[in-house]
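Secondary and tertiary structure notes
Below are the chains, spelled out letter by letter.
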Amino acid sequence: MQSFPQFDPPPKKNLENSTQSLFSLSLQQLEALIERLGLERYRSRQVWHALYQQRASSLEEMTALPKSVRELLSRSGFQVGMPRIAQAFVSTDGTERYLVACADGETVETVWMPNGDDGELGDGSDAAGEEVGSITGRDSTEAAVPYRRATICISSQVGCAVNCQFCLTAKLGVKRNLTAGEIAGQVAAVLNRHQVRVGRDRINLVFMGMGEPFLNYDNFMAAVHLLVEGMGIPESRMTVSTSGILPGIERFAKENLRPKLALSLNAPNNSIRESIMPVTRKWNIEDLMAALREVPLRPRERMTFEYVLLGGVNDRLQDARELSALIERSGLPAKVNLIVWNPGPDIPYRMPKPEDVAAFQQHLIASGLPAFLRRPRGRDIYAACGQLKRTVE
Ligand code: SAH
Ligand code: SF4
């Protein structure tokens, strides 16, 4: 019998006690901790600032705090606990893939894509048109560092339980959920590596690495809060991708802090989708579309549908016709991100032919649906979509 992932949000852990990591705590949790330690209340804001704005990776680096406070935190068993980049693989196209190590030694993958992959921004209007070069019109006292527009692809779980047949991460199964600090901490570690200044440099985040964010819903949302309220990255620059976990979409629709949403549709009908994404048997396309219609969109925002093109499986012109009709029927303002399938060992699919990809995209565009082809990034280092399997060779 096929087993499906369950949607049981894990019980909220008391992160203070279980990990002793500060990087993960909300401002309220820090206030409670600072009070318990008998420190003045305003110290909690200083710690919050040092953790998420300064992105200090150790207590010693929190120089805005007096030594006595840092020592008290250390004596009480606290450390910063930001995940660490254990290994980096650099692609010829500038993409970098990292093996990020958590406190318990578990590793996940995070990807840095300078200049993005042409798909993450929604309508494509500012994705390709952004100027990339040296800074112009800035304070001349600032160093002339290159302007950065980059996308960071973040993992939400160690492995994944969803079992999509074309995805390498699925082969791992799921080992555990990441905590909010481990999710937001991937971003902090990568921003530190590239000396990014949030506010000056333009950073997009995509929750499209290992794992299914909506099967780790509470920690995913807590991470979004840390990223927005702590680190200052606007949620409109974030996109979360789900394989279609219906209860997660329903909860997401009610959030007041909400990244953009992408559904990995990957098929024009339930029968093809079931064959490549068995999770469709639990939540079918019609139910998913109905749930998506309840997600409020910002002005000019569109719902993103991701579509991995698998040669001979879902890449025919008739699939494109069925797909555009399906999306039109949904009534949703939508756009489609086409992704050419990235091969992996022991995965029984083939890449689509370039002319089929072009015809597929052309059909969608001709039928009035914005359709973008995501550039495969970092294939040579196994950093592309669906290739994240903690490969270290
Ligand atoms: N679990 C979430 C987010 C991570 S997967 C989800 O499935 O949406 C991110 C995207 O990569 C998904 O759209 C998925 O369909 C796509 N993907 C998975 N394996 C792939 C592969 N081998 N080649 C290309 N895209 C792939
Ligand atoms: Fe999990 Fe997404 Fe891969 Fe499916 S495509 S197995 S949901 S990571």
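Structure report, in brief. (Residues numbered from 1 in each chain as written. Chains lettered and ligands numbered in written order. Predicted model: local features only at pLDDT ≥ 70, side-chain atom pairs only at ≥ 80, totals over all residues. Heavy atoms only, no water.)

Regarding the overall build of the protein
In terms of regular secondary structure, the protein is built from eleven helices and twelve strands. A buried classification covers 55% of the 393 residues belonging to the protein. In the protein, 70% of the contacts between residues at least 6 apart in sequence involve partners at least 24 apart. Accessible area for the protein stands at about 16700 Å²; split by element, carbon and sulfur atoms hold 49% of it. (Helix = DSSP H or I, 4+ residues; strand = E, 2+ residues; numbered from the N terminus. Buried < 20%, exposed > 50% of the residue type's maximum accessible area, 1.4 Å probe, protein only. Contact = heavy atoms within 4.5 Å. Areas by Shrake-Rupley, 256 points an atom, 1.4 Å probe, with all protein chains shown as cover.)

Some thoughts on the packing of helix H10 (residues 317-330) against helix H11 (residues 354-366)
Two elements in contact, H10 and H11, have axes whose closest approach is 9 Å; the angle formed by their N-to-C orientations is 30 degrees. It follows from the interaxial angle that H10 and H11 lie roughly parallel. Read as a crossing pair, H10 and H11 show a hand that is right-handed. Contact with H10, carried on its side by Leu317, Asp319, Ala320, Arg321, Leu323 and Ser324, involves Ala359, Phe360, His363 and Leu364 of H11 and no other residues of that element. By residue class, the composition of the contact of H10 with H11 is six nonpolar, two polar and two charged. (Axes fitted to C-alpha atoms, helices over the stretch in contact; angles between N-to-C directions. Parallel < 35°, antiparallel > 145°, perpendicular 65-115°, else oblique. Left-handed = near helix turned anticlockwise from the far one by under 90°. Nonpolar A, V, L, I, M, F, W, Y, C, P; charged D, E, K, R; others polar.)

Quick word on the pairing of strand E9 (residues 260-264)
Strand residues, when the strand is regular, have side chains that alternate between the two faces of the sheet. The buried count for E9 comes to five of five residues, which makes it a mostly enclosed element. Going residue by residue along E9, you find Lys260, Ala262 and Ser264 tucked away on one face and Leu261 and Leu263 tucked away on the opposite face as well. Between strand E8 (residues 238-242) and its parallel partner E9, the chain crosses via helix H7 (residues 246-252), and the hand of that crossover is right-handed. (Right-handed = clockwise from strand over helix to strand, strands pointing away.)

Re the pairing of strand E10 (residues 303-309)
Counting buried positions over the seven residues of E10 gives seven, a clear majority of the element. Sheet analysis places E10 next to strand E11 (residues 334-340), joined by seven bridges and oriented parallel. Bridging across to E11, Val308 finds its partner in Ile339. Between the parallel elements E10 and E11, the chain passes through H10 in a crossover that is right-handed. (Pairing = 2+ DSSP bridges.)

A word on H11
Under the 1.5 Å per step criterion, the end-to-end length of H11 is 18 Å for 13 residues, consistent within 8% with the ideal 18 Å. Looking only at H11, the buried set comprises Val357, Phe360, Gln361 and Leu364. Projected onto a plane normal to the axis of H11, the buried residues spread over an arc of 90 degrees and lie on a single side. Facing away from the buried side of H11, by more than 90 degrees, are the exposed residues Glu355 and Ala366. (Expected span 1.5 Å × (residues − 1). Arc of directions from axis to C-beta.)

Re the side chain of Arg97
Within the secondary structure, Arg97 sits in strand E2 (residues 96-101). Among the polar contacts listed, one links the side chain of Arg97 to the side chain of Glu109, at a separation of 2.7 Å. (Polar contact = N/O pair within 3.5 Å; in protein donor to acceptor, adjacent residues only side chain to side chain.)

Re the nonpolar core
Phe166 and Phe305 are the most contacted members of the largest nonpolar core, which has 112 residues in total. Excluding anything up to four places from it in sequence, Phe305 contacts Leu263, Leu265, Met289, Leu292, Ile327, Leu332, Ala334, Lys335, Val336 and Asn337. Listed in part, the nine residues of the second largest apolar core include Phe89, Val111, Cys153 and Ala262. (Core = buried A, V, L, I, M, F, W, Y, C linked by side-chain atoms within 4.5 Å.)

Structural notes on the pattern of salt bridges
All chains considered together, the criterion is met by 13 salt bridges. Residue Arg176 pairs with Asp104 through a salt bridge whose shortest N-O separation is 2.9 Å. Within this pair, whereas Arg176 is found in strand E6 (residues 174-177), its partner Asp104 is found in the loop between E2 and strand E3 (107-114), the two being separated by 72 residues in sequence. Where Glu301 meets Arg298, a salt bridge forms, and the shortest distance between an N and an O atom there is 2.6 Å. Given the relative accessible area of 26%, Arg298 is considered partly exposed. One network of salt bridges, with partners in common, ties together Asp104, Arg176 and Glu182. (Salt bridge = Lys/Arg side-chain N within 4 Å of Asp/Glu carboxyl O.)

Focus: the environment of Leu323
With respect to the helices and strands, the residue Leu323 is situated in helix H10. When its relative accessible area of 1% is taken as the criterion, Leu323 is described as buried. On a C-alpha basis, the gap between Leu323 and Asn266 in space is 9.4 Å, while along the polypeptide they are 57 residues apart. If we ignore the near neighbours within four places in the chain, the residues touching Leu323 are Leu265, Ala267, Pro268, Tyr307, Phe360 and Leu364.

Fair warning: the whole summary comes from geometry, so function is off the table for now.
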